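Okay, here's what each chain looks like letter by letter:
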Amino acid sequence: MKKSENIVVGISIGDLNGIGGEIILKTFEDARVLDFCTPVIFASAKTMNFFKSHFKSEINFNVTNSLNQIASGKVNVFNSWNEPVNIEFGKEDFKIGAYSIKSLQSATKALKEGDIDVLVTAPINKHNIQSKEFKFPGHTDYLAQELEGESLMFMVSDGLRVGLLTDHVPVKDVVNHITEDLIINKINTVYNSLKVDFNIVRPRIAVLGINPHTGDNGVIGNEDDTVLRPTLKKLKDEGKLVYGPYAADSFFGSNNYKSFDAIVAAYHDQGLIPFKTLSFGQGVNYTAGLSKVRTSPDHGTAYEIAGKGIADESSFKEAVFAAIQIFRNRNEYEELTSNPLKKSSKKI
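So, how was this worked out
Residues numbered from 1 in each chain as written. Predicted model: local features only at pLDDT ≥ 70, side-chain atom pairs only at ≥ 80, totals over all residues. Heavy atoms only, no water. Pairing = 2+ DSSP bridges. Helix = DSSP H or I, 4+ residues; strand = E, 2+ residues; numbered from the N terminus. Axes fitted to C-alpha atoms, helices over the stretch in contact; angles between N-to-C directions. Contact = heavy atoms within 4.5 Å. Buried < 20%, exposed > 50% of the residue type's maximum accessible area, 1.4 Å probe, protein only. Polar contact = N/O pair within 3.5 Å; in protein donor to acceptor, adjacent residues only side chain to side chain.

## Some remarks on the sheet that holds strand β3 (residues 61–64)
Okay, so step 1: Taken in spatial order, the 12 strands make up an open sheet running β3-β4-β2-β1-β5-β12-β11-β6-β7-β10-β8-β9, and their pairing is mixed. Every interior strand has two partners, whereas the edge strands, β3 and β9 (241–246), have only one. When the angles between neighbouring strand axes are averaged without regard to direction, this sheet yields 25°.
Okay, so step 2: When strand β2 (residues 38–43) meets strand β4 (residues 75–79), the two strands line up parallel, connected through 4 bridges. By the bridge assignment, V40 is partnered in β4 with N76.
Okay, so step 3: Of the strands in this sheet, β2, β3 and β4 touch helix α2 (residues 45–54), which is tilted by about 160° from β3.

## Quick word on the side chain of N76
Okay, so step 1: One can find N76 in strand β4.
Okay, so step 2: N76 gets classed as buried once you look at its relative accessible area, which sits at 0%.
Okay, so step 3: At 2.6 Å, the side chain of N76 forms a polar contact with the side chain of N62.
Okay, so step 4: Apart from residues no more than four positions distant in its own chain, N76 is found in contact with T38, P39, V40, I41, N62, Q69, I70 and A71.

See the structure below:
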């Protein structure tokens with residue numbers, strides 16, 4: 001067995017009425033992907049065979065009820081349920097939302113117990129997953145509870161990484177959420193992720209302003225002057241290469257972002273609109289700061305094209321490869337830092 005094949009990628013199926021099943025099949029129809037990982041889809045044999053038939057896929061599954069029976073070099077399906085499911089592409093359905101959560105919970109349990117190495121989540125519908133038992137806005141908040149660490153939504157692609165101070169927060173509440181403690185925690189999470197997950201020795205981080213034109217000296221809000229600037233100075237005094245705040249409206253258009261290893265935006269759309277514009281569907285949503293690696297594509301359920309066979313799997317495939325690379329980087333960092341004299345001792 002190749003060492004790379006030891007990386008077991010768990011996959012939660014997402015919303016069954018969306019494009020999740022299709023992009024998963026398309027990703028692993030490329031047999032070369034299996035040279036890098038062993039996938040385990042948390043769903044059911046009946047569900048995956050439905051997708052296989054509908055999309056005329058030639059994938060052969062290894063179906064198992066035990067994670068001890070994962071087959072390397074195969075596309076594995078772990079039965080997270082056994083009953084048949086009525087799938088209606090493009091329809092929002094609370095019953096289907098419940099299966100999204102069954103898959104996610106099953107995969108998360110396997111991740112915590114070490115049966116899989118990383119988790120890649122297909123898109124869910126944040127509305128139809130809500131229930132008495134599950135009251136989280138989405139994947140990130142649930143995983144933050146289940147896995148150790150300080151979670152941060154980190155959008156990554158080649159040459160661009162964008163973190164958020166606030167993610168799924170209404171715009172009217174953003175300012176109230178941005179405190180000195182939050183800024184320090186989030187930027188430290190970005191900083192540590194760049195070092196550990198992306199092998200960047202001295203990360204350079206740019207921070208975008210909260211208000212238009214970073215407040216224009218208090219004319220358009222004073223939060224940049226009273227909260228953001230003083231906090232960034234504290235981080236700089238610690239020796240971190242943190243710069244800003246920068247006016248968000250011109251930062252990306254001027255290509256200024258290319259001078260930094262990561263950009264931290266104040267709120268969701270301030271960071272994600274330029275990220276998704278520049279990444280052209282190749283972006284990955286990475287939950288940084290947790291004890292385990294989780295990635296997902298940078299898009300949603302796409303009900304409008306579900307079942308039509310035209311969904312683009314590029315972002316999902318990138319999410320798989322990003323999870324693999326981050327897992328390797330973490331292991332390499334741990335090996336180097338656990339015994340810093342290891343390399344030099346070999347030369348003696």
